[in-house]
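# Chain and residue survey
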Amino acid sequence: MKQIQHSGLQWVSNNSTLLLFAVAIALFGILSPAFLSFQNAFNILVQAAALGILATGMTFVLLTAGIDLSVGSIMFLAGVISGKMVVDGAPLWWAGLVVVVIGLEFGCLNALLIYRLKVIPFIVTLATFYVGRGLGLFISDTRAINLPESFLTLGSGKVLGIPLPVILLFFVITLAHLVLTRTTFGKHIYAVGHDPEKARKAGISVNRILLGVYVICGFCAALGGLVAIAQLGAVSPTFGLQSEFMAIAAAILGGVSLFGGRGNVFPGTLIGVLLIQTIQNGLVMVNADPYLYPLITAAVIFLVVGIDSLQNQRREKAKRLGLK
Amino acid sequence: MKRFYTCQGLILVMVVLALACKRPKGRTTIGISFETLQTEYWVASSDALKAACEENGLDYLEAIANGDANRQFEQVNNFISRGVDGIVIAPKDAHTVIPVIKAANRAEIPIVIYNRLPAPNKGSYTTIVADNYEITKQTVRYLGDLARASGKQYKAMILIGDLGDTNAVLRREGFNDAILEYEDVIDVVAEVPTEWNQEKALAGVTNALQANPDIGLIFSSSDFLFPSVISALKNAGKYHPIGHEGHVLLGGFDGDAMAYQLLRSNYLDADGVQNVYYECDLAIQAILDILNGKEVDSVLVDPGFVIHQENLEEMAPKMWGANLEVP
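Residues numbered from 1 in each chain as written. Chains lettered and ligands numbered in written order. Predicted model: local features only at pLDDT ≥ 70, side-chain atom pairs only at ≥ 80, totals over all residues.

Once that is clear, we can look at the overall build of chain A. For chain A, the helix and strand inventory stands at 14 helices and four strands. Rg of the C-alpha trace for chain A: 20 Å, near the compact-globule value of 20 Å for 324 residues, within the 12% margin. Across its three principal directions, the C-alpha atoms of chain A cover 70 × 55 × 40 Å. Looking at chain A residue by residue over its 324 residues, the buried ones come to 50%. Sequence-distant contacts in chain A: of pairs separated by 6 or more residues, those separated by 24 or more amount to 79%. (Helix = DSSP H or I, 4+ residues; strand = E, 2+ residues; numbered from the N terminus. Rg over C-alpha atoms; globule rule 2.2 N^0.38 Å. Buried ≥ 20, exposed ≤ 12 C-beta atoms within 10 Å, placed from the backbone. Contact = placed C-beta atoms within 7 Å.)

A word on the overall build of chain B. When helices and strands are counted, chain B shows eleven helices and twelve strands. Taken over the C-alpha atoms alone, chain B extends approximately 90 × 45 × 35 Å along its principal axes. The buried share of chain B, reckoned over its 327 residues, is 51%. Once local pairs closer than 6 in sequence are excluded, the contacts in chain B between residues at least 24 apart make up 73%.

Moving on: the packing of helix H5 (residues 92-116) of chain A against helix H6 (residues 121-140) of chain A. All names here are of chain A. Contact pair H5 / H6: the axes reach a minimum separation of 9 Å and the direction vectors enclose 145 degrees. Crossing of H5 over H6 shows right-handed handedness. Contacts from Phe106, Leu109, Asn110, Leu113 and Ile114 of H5 reach H6 at Pro121, Val124, Thr125, Thr128 and Gly132. In terms of residue class, the contact of H5 with H6 is made up of six nonpolar, four polar and no charged. (Axes fitted to C-alpha atoms, helices over the stretch in contact; angles between N-to-C directions. Left-handed = near helix turned anticlockwise from the far one by under 90°. Nonpolar A, V, L, I, M, F, W, Y, C, P; charged D, E, K, R; others polar.)

This next bit is on unusual backbone geometry. Apart from glycine, the bulk of residues carry a negative phi angle, and the bulk of peptide bonds sit in the trans form. All names here are of chain A. In this structure, Pro267 follows Phe266 across a cis peptide bond, with omega equal to 5 degrees. Mapped onto the fold, Pro267 is located in helix H13 (residues 265-285). Of note, the phi angle at Lys118 is positive, near 55 degrees, even though the residue is not glycine. Mapped onto the elements of the fold, Lys118 is located in the loop between H5 and H6. The backbone of Leu160 sits at a positive phi, close to 55 degrees, despite the residue not being glycine. Along the polypeptide, Leu160 turns up in the loop between strand E2 (158-159) and strand E3 (162-163).

Read these as geometric descriptors, not functional statements.
Below, the structure is given as structure tokens:
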């Protein structure tokens, strides 16, 4: 009986985010029947697309025990440059290509500064955060850029009835999941995250792995930014601000460890993103008091991180006692 | 000997730099500190303040804190050490400006707080602020009158700004109090918190329209959230010009370039306008008056105005956004 109880608790702590997700759906569904509609489920997915892509890139970086604070600025800079290009008459594909290049360049810059200058990721990406935002503000003259209708096709278009942002989200998640679980590169990411020194001794090129994860993160930031502005139809000077924190929160809610080496994109980060978006959506659907929003979001983060911390302590204890 | 010449050279460079940095005597210098320049409103304010300084033959120093209250405090301290004659500050928030006021008071430099009311404190300062509450109330009353005149029942939504920002809170209060007068025709079904973030605004408006597809009146606490509102309305098939049967009554606050364009293209019904030029002139004049020993009130209010389809031609020249191009 005790054994069953113990394994039940173990299951609950292992799947805390999923359970919270289910509880949130049930609760909002009871409070607002419109919440459970098919259309609203699509809404949540569409709104989760940009953050989901961003958080996927962030997961790669977090798995190496790194952090990337520049993602919001990359989104902004890529948005400003592509927006200006389209407004000036450049074709959409050309603007899209430039967005991707900006993301890759920023990723390369972050990685190079981290492993060449041996500066911690927090400081490097804080610096590139300012570089990106400063450049974006300079280019845009701190003015909002209103994009032409053609830009909105990416945000509102559908293929076989499925919104394009949702297709992009699932494509990125699937690809990331395959890279992390089925490739040597993915295994090396976990190894570097667990212990970079041991990984180096095992013959893994830590620098190459770092370059890879920051480039992926930069690419995802630019792509996420593109998806977001295609839905908004405008790039304002505050675009992308604090997106880095939302991406980190989503990954951590999904079980990715800030200390590296633990977590996954699917279902982990995806569930984290959906949980955040579901709560935001549900609170509007039930017309909750606006002062409750940050409190509820904070409570969910505390709850999940608290359960995760307890789980970690149990794991450490078991390790000390030599138990599996 | 070589070391001696090096020292002499360094001293010479320092003297030259000090002379270069010293401002010319006789000119009054104003330190202008902005919390951020990340909206059109702040950029227009910064430009208008600099223009007002130039009109009055004043020099100015400018510093932007990029949303960091500590940095803003340091920047104002730098102004004080450089011996400015007056300070105009658009602070991060109502509380972090208090040490800045104290520092200026200690240095006996007049300080004007621009656009945000500080929390109650014993310092000596003048605040220039738009009447956020009253301007919003008048704007919403105009929308309420339109709703009542149509003879239909309306469901309404408000986009709220950052609840840590006094201006956002006052606009929300102005909206709620005005709506009370129209309870017979307007029912507020959604309050969407945006934290002044367009992405959150888009998601919030989309969700609110999902929960209440028959929403017929939307008020945005800032014009810069209009792209999000329009995108959500378009996706819901509810974006129609004034006169169309499915038109959603639309109101905003600020008076920016996009609001002006929307008024011109017949999509926006009314907009509460902060009179940037008036506020900036008041700010510079307040400092000059204090320097000349005149008494200045602790709060100078910009009554603003409401611009709508009926007074568009008359009021457009006073709307700061009408003088900007929409990129």
